[in-house]
Amino acid sequence: MIELQETNPKEEIDFGQSTLEYQGEYDDQYKLTAIYYRINKCKQIIYYVLLILTLGLLYLFQRWFINLRLFLLFEKCEFGTMTHVLVIKTKNIIPIADDQLCEVTVVQDHPFSKNARVFNYELSDYFIDTYSKALVQMRNSFSQYTQERICNMKGLTELTNIYGQNIMEIPIKPIPLLLLDEILTPFNIFQFSALALWAYDDYLNYSLFILAITIIQIGIELRDVRQNLQKIQKMIRFNVDVKVIRNNNQITIESKELIPGDLLIIEGHTKISCDCILIEGNCVMNEAVLTGESVPINKSSLEKNEQLFLQKGNENKMLFSGTTCLRSYSQNGEHAKAIVYQTGFQTLKGSLARSILFNRTQTFSFYRDSLRYLFVLATLGLIQANITILISGAQGVALGESIINALEIVTIIVPATLPTALGAGISLALKRLEDKSIQCVKPDKINVASKVNLVAFDKTGTLTELGLDVLGCREIKDQGFNRLQVIKDVSEQFNECMGICHSLSIINNEIMGDPIDLCMFQETGWELVEESKARKGGKEVSVSKRFDFQAELQRMSVITNQSILYCKGSPEQIKNICRNIPINYNNMLQKYSSQGFRIIACCYRDVASLHMQQLHKREIYEQNMSFLGFLIFENKLKAETQSTILSLKQSNIKSIMVTGDNPYTAINIGLQCNILDQNSRIFLGFLNDGALYWNEIMQLKTDKVDENRSCYSLDSNQAQNLETNQIMKLSCHFQLAITGQVFEYLQFQYAALLDNQQWILNLLQKTYIYSRMKPNNKGDLMLLLRQDNLNFIAFCGDGTNDTCALRQADVGLALSLEDASLASPFTSTIFNISNMINLIKEGRACLVTCVECFKFMTLYSCIQSAAVLQCYFYDTDFTQVQYLYQDLWLIIPLAFTMDLTKSYNKLANYRPISNLISLPVLSSVCVIIFISFLAQMIMHQILKHQGFYQEMVIELVNDDYYMQPNYTNSILLITSSTEILAVAIAYTQGPPFREAIYQNFYYMIVICMGIAGQIVLIFFPNLTGFLSLEVEFPTDFKIQILVVNIVVGITIVFYEKLITAKMTQKYAEVEINLGNQN
């Protein structure tokens, strides 16, 4: 009964790898490549020797970098000797997951292949067949069975455990292991090493303070990680009692014991615990957890015929895990029955959970550059460390003490408190997003939101209202159409079609279902008696057979008890099955669709003569139909749509529409909501004999249904079939629109044209409307647009069929609270697109804060290390109190309060810089370091020429060098503290990304306290005498100190606010912005 899912293995000439081409349901389409590796014993011995020599440091590096691990421990091999496989996951040659190294187990008695190589990847089991070397996923399939055989299944007589338990358990690591993972990150290793060094060198108090802050920050991060995992776990894990039939007996078992092939009894008001095929009866389902749309869906049993079973096309015959059965019924009065099809993580909901857990994140330039930046600082620190050792050696300092001093220089120049300060900025951004009704499950995406330059919007329920208003009907009349009528005034046949051909259900005495069906039915005057029966006046009509809506066919139909088949669907598909199409059918369709109306076509046929033929052959019935007319709906824009799109456009952020609707309807909505420009030329792409051509959409000035609408449709008299090269050479402003069919063509071309892929990306850069897009098309589009490194893409959808796009975009914003929204990093509890503006604003403010904090922390470390190096040169050092003064009075308060500045209330027309390796950032840092170092040297030279200056005398206390405040460290303390304060003021950026500095109350207090501290240090050192911060200077020299410090501070602030600010804006505006490319 249970068979392995069919795969399409590709045998390789070299058996060093196996591949699997997986074409699954919905958006699960990818390629897995498993490359064979084995542990090399010689390499392993060398690795352990190096591990000892590096004191375990090599272990950390091989832990962080998978390629290094492969180089140090593994070698490629043939099938028979493999111990591991490197799994690479791609989609149309684009990587969609991080590479994983999986351990392989040899299973001698594997049920499908003797001595199979088995491994687990992304919570799913795979095996490599011993003979064919095919990579196969362990999941059930009924693809070899006819639908009749499935319908005749009576339940299991033998049990198997090859597919595991029907329960989805996410491996959540214990807190100690999570803590270990966090500690073993590169920066935390350095941070804890620095704290240990400070504690050893008598800076215990400061070390304990920083340690406490670090532990708090790590604790917050661990809490967030566990909460997110537990939220997903709560979404997918459940175990309930279910009734099944085994060995012809009805028994009650736990749902985790369900096995593919079990005959499951479906009861109303219950949650489905697996994916199953309905073989008897009917169900009314709520699938909001998968689609985000709380609309009851009618499910009917699988037809008994000789066709082989395929899940694709039979979705309305299937019940999916996590969905809720609102009602279960059958003709014999019993509950519906279903055959268990998939269990655990192989269910559709399991696939959703895995996509959330294992989605690949695009590397963000700020994080990438920050590591490079810190590497440069570390290199500079090592240089200073060597200088320190030379100076100490020349002064006769012991080697051990010299090494400690050298390492201190390294820990000073690479600020150990940096991750804590950056983490605080992210945490505050999270809080501000929550205040604006935006929930976030991936905090690392907040900074990515700052770089968004392209926003893709779903249409229905996102840009437009979810509900529809009926405009009226255009019924067929002779060879044309009748005037526009209300539904109640159309012919009896047309009215009856709308009264019975729908998927509405009665739940708790309330009619519920698809908004289009509900809106249509309410206008007909019919009364719904039950799901399959309607009444009007004295006439009662019931449904004897229903053909559910299929996305491929784009239609649904019913056969009534009067042997009449009624069908409704997309006008393009209905036209293909009708025999009496009006002459002006296409013109009438374009007239309304080009004005933004949604069109449903209706038709019927008498099928009494076909009753004796094959009842379940849908194609036999849905042909030679009689066309009835068009049903026309109005889908209005949400109130916030136009203003939001306009704000994005003014900020040089391109907006595009990705919808499953008609291209002409999409173009009109695009014009209404400002995605398309009124004064631009618009071209619609189409395929002709496998080639791509373009027709221009011309504006018609007459025959408008509504004078308030702009009517755009294809003028066939003027239209020319232009080739893509002709389009791209146009010098005027133009915008493109394509369909899902054209997109699939471009997607194929991108994979084929390895040497000219930029041509496809340039074409997509000009495309603003994507119509007739399937759910998997939406996700593929996000992947393809991300191949342009200049693009940072946000997707905004209401959750309905948007799950793939929400997780594949750089930033996803879901307008839904259902479980499907967990695929998105961000979820808005305000169900319109206005929160996209807030998300981008907060992202920009957060990025500016992080960049400022990063620059400030690295600048302070450079300033402090320069001062300490000069102290070493003059055989002195900062005292512990002097270190604490700078760190606790200035640096930490400044670093943490600068994060409190809120986002600006408007979007700027350029994005903040995230590239730390850029001219504005590097020039700013280098110039300020030069100014600071020069000021310290000048101030000390001025000091040396004073009559009161005397060389420091080293006092031997407890056999160690114990430094007291002296003229050298005192003057360097004052000067470097002023420089740090000036850098903090200079780097605090206000508009256009954040509020003005004076609006950050706590930051202003810290600045004032810092200035006050400097005044006390210069003029009133006796007030801090008990702290032994500094020595007393003569009054006239105090004036000189004040003047030099004011000049240095003003120089730093003015350079940053005037020169660097202009350079930054120029750099950001020059950055290629996709929204400006025309």
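Being a predicted model, the structure only gives us computed values, none of them experimental.

A. Fine view of the overall build of the chain. Scanning the chain from N- to C-terminus turns up 31 helices and 47 strands. Radius of gyration (C-alpha) of the chain: 35 Å, near the 31 Å computed for a compact globule of 1078 residues. Projected onto its principal axes, the C-alpha positions of the chain cover 120 × 75 × 55 Å. For the chain, the residues scored as buried account for 56% of the 1078 residues in total. Sequence separation of at least 24 residues holds for 72% of the intrachain contacts in the chain that already meet a minimum separation of 6. Of the accessible surface of the chain, which amounts to about 45,300 Å², a share of 55% is contributed by carbon and sulfur atoms. In the chain, the 90 positive side-chain charges and the 106 negative ones have mean positions that sit 5 Å from each other.

B. The environment of V441, seen in detail. With respect to the helices, strands and loops of the structure, V441 is situated in the loop between β23 (438-440) and α13 (445-449). According to the relative accessible area criterion, V441 is buried, its value standing at 19%. Spatially, the C-alpha atoms of V441 and Q227 are 9.0 Å apart, while their sequence positions differ by 214 residues.

C. Expanded view of the sheet that holds strand β18 (residues 282-286). Overall, antiparallel pairing links the 4 strands, which are arranged β16-β21-β18-β19 in an open sheet. Every interior strand has two partners, whereas the edge strands, β16 (270-271) and β19 (296-300), have only one. Where β18 meets strand β21 (residues 324-329), 5 bridges bridge the pair, whose relative direction is antiparallel. Bridging from a neighbouring strand, N286 pairs with T324 of β21.

D. Structural detail: the UniProt feature "domain: P5B-type ATPase N-terminal" (unreviewed entry) in the chain. UniProt marks residues 37-94 with the feature "domain: P5B-type ATPase N-terminal" (unreviewed entry), using the numbering shown here. The span residues 37-94 carries 50% helix and 26% strand; its end-to-end C-alpha distance comes to 23 Å.

E. Region of interest: a nonpolar patch on the surface. A cluster of nonpolar side chains, namely W889, L900, F1001, Y1002, I1005 and M1009, defines an oily patch on the protein surface of about 580 Å² accessible area. According to the relative accessible area criterion, W889 is partly exposed, its value standing at 36%.

F. Structural view of helix α1 (residues 41-53). The end-to-end C-alpha distance of α1 is 19 Å, a good match for the 18 Å that 13 residues give at a rise of 1.5 Å each. N-capping of α1 is provided by N40, with a side-chain oxygen placed 2.9 Å from the backbone N of C42. Of the residues one or two after α1, L55 is the one with positive phi, at around 55 degrees.

G. Highlighting the sheet that holds strand β11 (residues 135-137). Overall, antiparallel pairing links the 4 strands, which are arranged β8-β9-β10-β11 in an open sheet. Each end of this open sheet is capped by a strand with a single partner; those strands are β8 (105-107) and β11. This sheet shows a mean twist of 35 degrees between the axes of neighbouring strands, independent of strand direction. Two strands pair when backbone bridges link them, and strand β10 (residues 124-128) and β11 are joined in this way by 3 bridges, in the antiparallel orientation.

H. Region of the structure containing the pairing of β18. In the sheet, β18 pairs with β19 via 5 bridges, with the strands oriented antiparallel. Following the sheet pairing, C283 is matched in β19 by K299.

I. Examining helix α6 (residues 186-200) more closely. The terminal C-alpha atoms of α6, which comprises 15 residues, lie 22 Å apart, in line with the 21 Å expected from a rise of 1.5 Å per residue. Residues of α6 that are buried: F187, N188, Q191, A194, L195, L197 and W198. Remark: D202 follows α6 within two positions and exhibits a positive phi of approximately 70 degrees.

J. How the structure looks around the pairing of strand β42 (residues 767-771). Of all 5 residues making up β42, 5 are buried, and the element is well covered by its neighbours. Here strand β36 (residues 654-658) pairs with β42 via 2 bridges, running parallel. Of the residues in β42, the one forming a bridge with M657 is I769. Looking at chain direction, strand β41 (residues 734-739) and β42 are connected through 4 bridges and run parallel. Within the sheet, the bridge partner assigned to A737 lies in β42 and is I769.

K. Here's a closer look at empty space enclosed by the protein. Throughout the structure, instances matching the rule amount to 7 cavities of 30 Å³ or more. If you add up the space inside the second largest cavity, you get close to 150 Å³. Lining the second largest cavity we find 13 residues, and of these W198, Y206, I412, Y883 and D887 sit closest to its centre. Those elements that place two or more of their residues in the lining of the second largest cavity are α11 (399-413), α26 (834-873) and α27 (880-897). Per-element accounting of the lining of the second largest cavity gives the leading share, 3 residues, to α11. In the lining of the second largest cavity, the residues fall into 8 nonpolar, 3 polar and 2 charged.

L. Spotlight on the environment of A823. Relative to the elements of secondary structure, A823 occurs in the loop between β44 (811-814) and β45 (826-828). Considering only alpha carbons, one finds A823 and L806, 17 residues apart in sequence, at a separation of 6.5 Å.

M. Layout of the pattern of salt bridges. This model, assessed by the stated rule, comprises 37 salt bridges. For the salt bridge of E287 with K299, the shortest nitrogen-to-oxygen distance reads 2.8 Å. Remark: K299 occurs in strand β19 and E287 occurs in the loop between β18 and α8 (288-291); sequence separation between them is 12 residues. Look at E287 and you get buried, because its relative accessible area is 8%. For K299, a relative accessible area of 3% translates into the label buried. Between R681 and E696 there is a salt bridge whose closest N-O contact spans 2.9 Å. Residue R681 is found in strand β37 (residues 681-688), and its partner E696 is found in strand β38 (residues 691-699); the two are separated by 15 residues along the sequence. A relative accessible area of 31% places R681 in the partly exposed class. Each of the salt bridges in this network shares a partner with another, and the network as a whole consists of E303, K317, K545 and D548.

N. Geometry of the UniProt feature "transmembrane region" (unreviewed entry) in the chain. Mapped onto this numbering, the UniProt entry gives "transmembrane region" (unreviewed entry) at residues 45-66, 206-225, 373-397, 409-430, 916-939, 967-988, 1000-1019 and 1039-1056. Structurally, residues 1000-1019 comprises 95% helix and 0% strand, and the distance from its first C-alpha atom to its last is 29 Å. The span residues 1039-1056 carries 100% helix and 0% strand; its end-to-end C-alpha distance comes to 26 Å.

O. Here's a closer look at unusual backbone geometry. P992 follows P991 through a cis peptide bond whose omega is 15 degrees. Along the chain, the position of P992 falls in the loop between α29 (967-987) and α30 (1001-1019). A positive phi angle is found at N652, which is not glycine, with a value near 60 degrees. The residue N652 is located in the loop between α19 (641-650) and β36 in this model.

P. Representation of the side chain of S861. Mapped onto the secondary structure, S861 falls in helix α26. Excluding residues that lie within four positions of it along the chain, S861 makes contacts with I412, I413 and P415.

Q. Quick look at the packing of aromatic side chains. One pass over the full model with this rule turns up 31 aromatic pairs. For the ring pair F547 and Y621, a centre distance of 6.0 Å and an interplane angle of 40 degrees mean the geometry is tilted. Pair noted here: F547 is in strand β31 (residues 539-550) and Y621 is in helix α18 (residues 618-621), with a separation of 74 residues, a long-range link. On the basis of relative accessible area, F547 is assigned to the buried category, the value being 2%. What links up through ring pairs into an aromatic cluster is the set F948, Y949, Y967, F1033 and F1037. When the ring centre of Y145 is taken as origin, the NZ or CZ atom of R149, which lies over that ring, is 4.0 Å away. Seen from the ring of F238, K271 lies directly overhead, with NZ or CZ sitting 4.6 Å from the centre.

R. Main features of the packing of helix α7 (residues 204-236) against helix α9 (residues 348-357). Direction vectors running N to C along α7 and α9 enclose 175 degrees, while the axes themselves pass 11 Å from each other. Comparing their axes, α9 and α7 come out roughly antiparallel. For the pair α7 and α9, contact is made by L229, I232, M235 and I236 and by K349, A353, I356 and L357, respectively. Of the residues assigned to the contact of α7 with α9, the class counts are 7 nonpolar, no polar and 1 charged.

About the criteria used
- Residues numbered from 1 in each chain as written.
- Predicted model: local features only at pLDDT ≥ 70, side-chain atom pairs only at ≥ 80, totals over all residues.
- Heavy atoms only, no water.
- Helix = DSSP H or I, 4+ residues; strand = E, 2+ residues; numbered from the N terminus.
- Rg over C-alpha atoms; globule rule 2.2 N^0.38 Å.
- Buried < 20%, exposed > 50% of the residue type's maximum accessible area, 1.4 Å probe, protein only.
- Contact = heavy atoms within 4.5 Å.
- Areas by Shrake-Rupley, 256 points an atom, 1.4 Å probe, with all protein chains shown as cover.
- Lys, Arg positive; Asp, Glu negative; His and termini not counted.
- Charge placed at Lys NZ, Arg CZ, Asp CG, Glu CD.
- Pairing = 2+ DSSP bridges.
- UniProt positions renumbered as here; feature names shortened; annotations may be inferred.
- Patch = residues over 30% accessible without salt bridge, like charges linked within 9 Å, V, L, I, M, F, W, Y side chains within 5 Å.
- Salt bridge = Lys/Arg side-chain N within 4 Å of Asp/Glu carboxyl O.
- Expected span 1.5 Å × (residues − 1).
- Polar contact = N/O pair within 3.5 Å; in protein donor to acceptor, adjacent residues only side chain to side chain.
- Axes fitted to C-alpha atoms, helices over the stretch in contact; angles between N-to-C directions.
- 1 Å grid on protein atoms, 1.4 Å probe; cavity = no way out; pocket = protein on both sides within 12 Å on 5 of 7 lines; lining within 4 Å.
- Points joined across faces, edges and corners; volume = space filled by probe spheres on them.
- Nonpolar A, V, L, I, M, F, W, Y, C, P; charged D, E, K, R; others polar.
- Phe/Tyr/Trp six-rings, centres within 6.5 Å; stacked < 30°, edge-to-face > 60°.
- Lys NZ or Arg CZ within 6 Å of the ring centre and 35° of its normal.
- Parallel < 35°, antiparallel > 145°, perpendicular 65-115°, else oblique.

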